[in-house]
Every structure is written in structure tokens, then in C-alpha cells.
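Here are the chains, one letter per residue:
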Amino acid sequence: MKNRLALVASLGLSVVVGVVVSLRADEAAPPKNGGRSQAAEAVRVAINDLNVLGTDFWVYNDLGAAKAKAAKEDKPIFVTFRCVPCKACAGFDAEVAKGSDAVQKVARERFVSLRQVEMKGVDLTQFQFDYDLNWAGMFINADGTVYARYGTQSAEGPDAYNSTASLLKTMERVLELHKNYEKVKASLAAKRGAEKPWRTGLEMPGMENKEKLAGVTARNNCIHCHMINDAQHRQWQAEGTMSADRMNRYPLPENVGLHIVRDDGRKVEKAEGAAAKAGILAGDEITHAAGQPVTSIADLQWVLHNLPAGDSTVDLTVSRGGQSLTKPVALTGDWRKTDWKWRGSRWSVRPEPGFWAPVLNDKEIVALGDKVPAGTKPLRVQFMNQNKPQGKATAGAGVKLGDVIVAVDGKPLTGTPQDFQMMIRFERKVGDKLALKLLRNGKEVEVSVPLLGE
């Protein structure tokens, strides 16, 4: 039993207790399966993580082991966070995990490489990043100091900013920071982030289904990265402080007029707006932001993320023609505002309508004739989840499958189904009523749907 408990402690994730305690004490033989312990291999099998098969350099879900190895070998730690069941970023993850010979060589020889495949036991103070990503990387010292972040996503798509080319450049820059660690350590302090009131996702007040999630890891029983944001949203809603503005997290450099060469991570492709007014030019290389070393676009996002909304200033240091120049960039108004509708955590905000309604196609709209104003996009109720209170409330208000929604609160619909969903979540409150004008068998029907929380 002592061997089993020691294995649990070394793994650092309470999630795998049910897997680990089933192992016999005499199974403490040298790890097989590419160096993974039997407990780690059990987690890999449970979530069907195929991208590490055939590799032997990834420490698997064991931060303690990675720190010990890094301290002994005097190497920085390269940590990847990957939601294995998610299809987004699957190709990039495969390239990083074992596909790219160049990445594999550096990850094997110059770093201690740690693969985290869920967030259940992750220290949320140590690892603060954009939790809506499907793949994220962080680089840390064995003492916990954060060197860098890597991984960026936007409405363009999950792989629009990520590439092995820019990842390799970030890794080179991290190695340089590690080489000069004592000289640069003070400038890295703000990269870690403020202490959180809870250490792990299971301790967060807004995390749902804690008892189930605390059980054995499986593909349907992981804490995904976006669930950290989901839990935070629920807490903010309970406090009455949730708003659309809170979704403008990790602003892109483009928000301040910086277009970065994506395969480089810090070279300026074009400067406009606030960045141009500050005197930043195409070809400049952003070396520091707010005094912090920059190795990637994600490092820039981290600095911007921690600035206050509204008017603010951020000092950007650029390398230009062998000179180091600091440029104060003045930020004004709603500079943080961005298109956040790609974020998985958006669906956790309440109220929700309790039904899904896709837009009608052009032929269906024409068939409705003058009952639908020109230029509008009516939605057809296709699904109602009557196993949930929201679905029951919708059905109870008189909505039926097949009904066509032509107006909300007297206003014709003009957006997408997702726009409709987000309007309810961010422009309405729990307890409000949604006035819908419906078409049913060619006749107009008006209903008032109560909007519920849980």
C-alpha cells in the first residue's frame, strides 16, 4: 500500500487514484511504454492519447518528476497542455509530440518535456494561460519561475497562429533566458501571475460535478482546460459580476495595432493604430513588454491580459538596427474588445434558451413569403432538451419543434444561430422573459419564454 500511495503522490493528480490503487505493490519494475510509469500509462490508455506512442522523452502528467529531473540536469521545463479528445489542434499536437524531428530533437536534448493531458490536478497559480486553448505550452524553471508561454487562438481558427517554426524560435529564446537565468530572473517575476484563491480546478466554487470528476480519469471524465473558465464564469455569475467584457481575455497584439510575423513570434510585420503612433515600425523586434522578456505572441497576450480595461499605457521595447528602444503605447477606450465567439467557455454563461435553432436556407425563407421581412434570418427550432429545466420552460411556454422564430422582443432576427445564443447569454438575465414571434403552419404565434439559470 505504501508503494501505491507513493505512486499517487508522485503523480500529483488525485484523478488517477482509482487507477493506481489497482496496481500490485510488486509492479514497481522499471517503467515501460516509453518510460511512462504504469499509472501514467493507465491514464494514457484511458483517454486514448496516441500522440506519445513511440516516444520516450515525455514526462507524463508528473510535474514533480519533471522539476526533479530539470533541477538535476539544469534544463528548463517545456510543458504542453493538450485536451486529447478535442479535434482542434490535433495536427499541431501530433507535430510537437512526435512528428517534427526538429522540435523532438530540441525537446529531448535541451529541455525536460512534460505532457499534461487534463487540468484535474494542475496548480492554477503556477500555470496561468488562456484556458480556452485546445493546445498550450508553458516553459518554466525547476523552481517554478515562468520563462514563457506559447499558443494563440482567434476567430481565424485554432492553428492560425501556431507553427513549428515559431515554436522553435520560442524554445531558442527560452534557452537563452535559462542560460542567463540569474541575470534575468527579476524580469520574469510578473510572468507567474497572482496567487489564486484555490489551487486546483476541483477546489473552484463554480466547478460542476466535482464528485464525478474526482473519480478515475476517462475520456468523458476529464477536466478540460476550458472548464476552468466555465467554473470562473459560474462564480462571477453567482457574484453578479459576469459580463461580455470579461470575455475579452488575452487580447491579440492586433488589438493595439501590432501585426506580428506568425512564424517568428515577435518580429513586427506591420504597425498601425496605437503601435504606429508610439513609433513602432515594421521590422522591429519586440524584445520586452512591460519589462518582461517576450518570446512569443502568447507572451505579448499575457502582458495585455493583465492590463486594466479602458485607458492604459504599456511599454514595449524593440530591437531596431542594433539599438534597444522603449516605446510607450497608449491604449484607449475598448482596446481589449475582440471576437471571442470561438471560445468554448462561452457556452457556460447563463441564461440559456433551452433549445437550438439553426437558420433557414434561402429556399425555405422564400417559401415563407411576405411573412418574413427582407434581409432577416429566421431560425427553426430543431432541438429542445426537456431533460433540463430550460428546455421544460421553453416547451411550457408553448414553443414546439419546427416553429420558426422570426423576431425577438419585436425585432427581426438578422444574425447567426450563435449570435442568437450569445445575445441571450450576455444581453439578458436569469429571470427575464424572452418574447418570441413564431411562425407555425403559416400562422403567427407569440410566446414568452422564461429564462432560467440552472
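Being a predicted model, the structure only gives us computed values, none of them experimental. (Residues numbered from 1 in each chain as written. Predicted model: local features only at pLDDT ≥ 70, side-chain atom pairs only at ≥ 80, totals over all residues. Heavy atoms only, no water.)

Novice: Any chance you could explain the side chain of Glu118 here in plain terms?
Specialist: Along the chain, Glu118 turns up in the loop between strand 3 (112-116) and strand 4 (135-140). A distance of 2.9 Å separates polar atoms of two side chains, one belonging to Glu118 and the other to Thr217. Of the polar contacts made by the side chain of Glu118, one reaches the backbone nitrogen of Ile223; its length is 3.4 Å. (Helix = DSSP H or I, 4+ residues; strand = E, 2+ residues; numbered from the N terminus. Polar contact = N/O pair within 3.5 Å; in protein donor to acceptor, adjacent residues only side chain to side chain.)

Novice: Just to check I follow, could you spell out the pairing of strand 18 (residues 443-450) for this structure?
Specialist: The side chains of a regular strand alternate, residue by residue, between the two faces of the sheet. Here eight bridges tie strand 17 (residues 433-440) to strand 18, and the two strands are oriented antiparallel to one another. Counted as the bridge partner of Leu438 is Val445 from strand 18. Counted along the chain from strand 17 to the antiparallel partner strand 18, the turn is two residues long, and its residue Asn441 has a positive phi close to 55°. (Pairing = 2+ DSSP bridges.)

Novice: Honestly, the nonpolar core in this entry has me stumped. Any pointers?
Specialist: In summary, soluble globular proteins display a tendency toward joint burial of nonpolar side chains. Membership of the largest hydrophobic core comes to 32 residues, with the highest contact counts inside it found for Phe78, Val96, Phe139, Tyr147, Leu167 and Met171. At the level of secondary structure, the elements contributing two or more residues to this core comprise helix 3 (38-47), strand 1 (58-60), helix 5 (90-99), helix 6 (101-109), strand 4, strand 5 (146-150), helix 7 (164-179) and helix 8 (181-184). Ranked by residue count, the leading element in this core is helix 7, at six residues. Those residues in contact with Val96, other than ones at most four positions away along the chain, are Trp58, Phe78, Thr80, Val103, Trp135 and Leu167. (Core = buried A, V, L, I, M, F, W, Y, C linked by side-chain atoms within 4.5 Å. Buried < 20%, exposed > 50% of the residue type's maximum accessible area, 1.4 Å probe, protein only. Contact = heavy atoms within 4.5 Å.)

Novice: Help me understand the packing of helix 6 against helix 7 in this model?
Specialist: For any two helices packed against each other, one specifies the crossing angle of their axes together with the interaxial distance. Between helix 6 and helix 7, the shortest axis-to-axis distance is 10 Å and the interhelical angle comes to 20°. Judged by the inter-axis angle, helix 6 sits roughly parallel to helix 7. Taken as a pair, helix 6 and helix 7 cross one another with a handedness that is left-handed. Contact with helix 6, carried on its side by Ala102, Val103, Val106 and Ala107, involves Thr164, Leu167, Leu168, Met171 and Leu175 of helix 7 and no other residues of that element. When its residues are assigned to classes, the contact of helix 6 with helix 7 shows eight nonpolar, one polar and no charged. (Axes fitted to C-alpha atoms, helices over the stretch in contact; angles between N-to-C directions. Parallel < 35°, antiparallel > 145°, perpendicular 65-115°, else oblique. Left-handed = near helix turned anticlockwise from the far one by under 90°. Nonpolar A, V, L, I, M, F, W, Y, C, P; charged D, E, K, R; others polar.)

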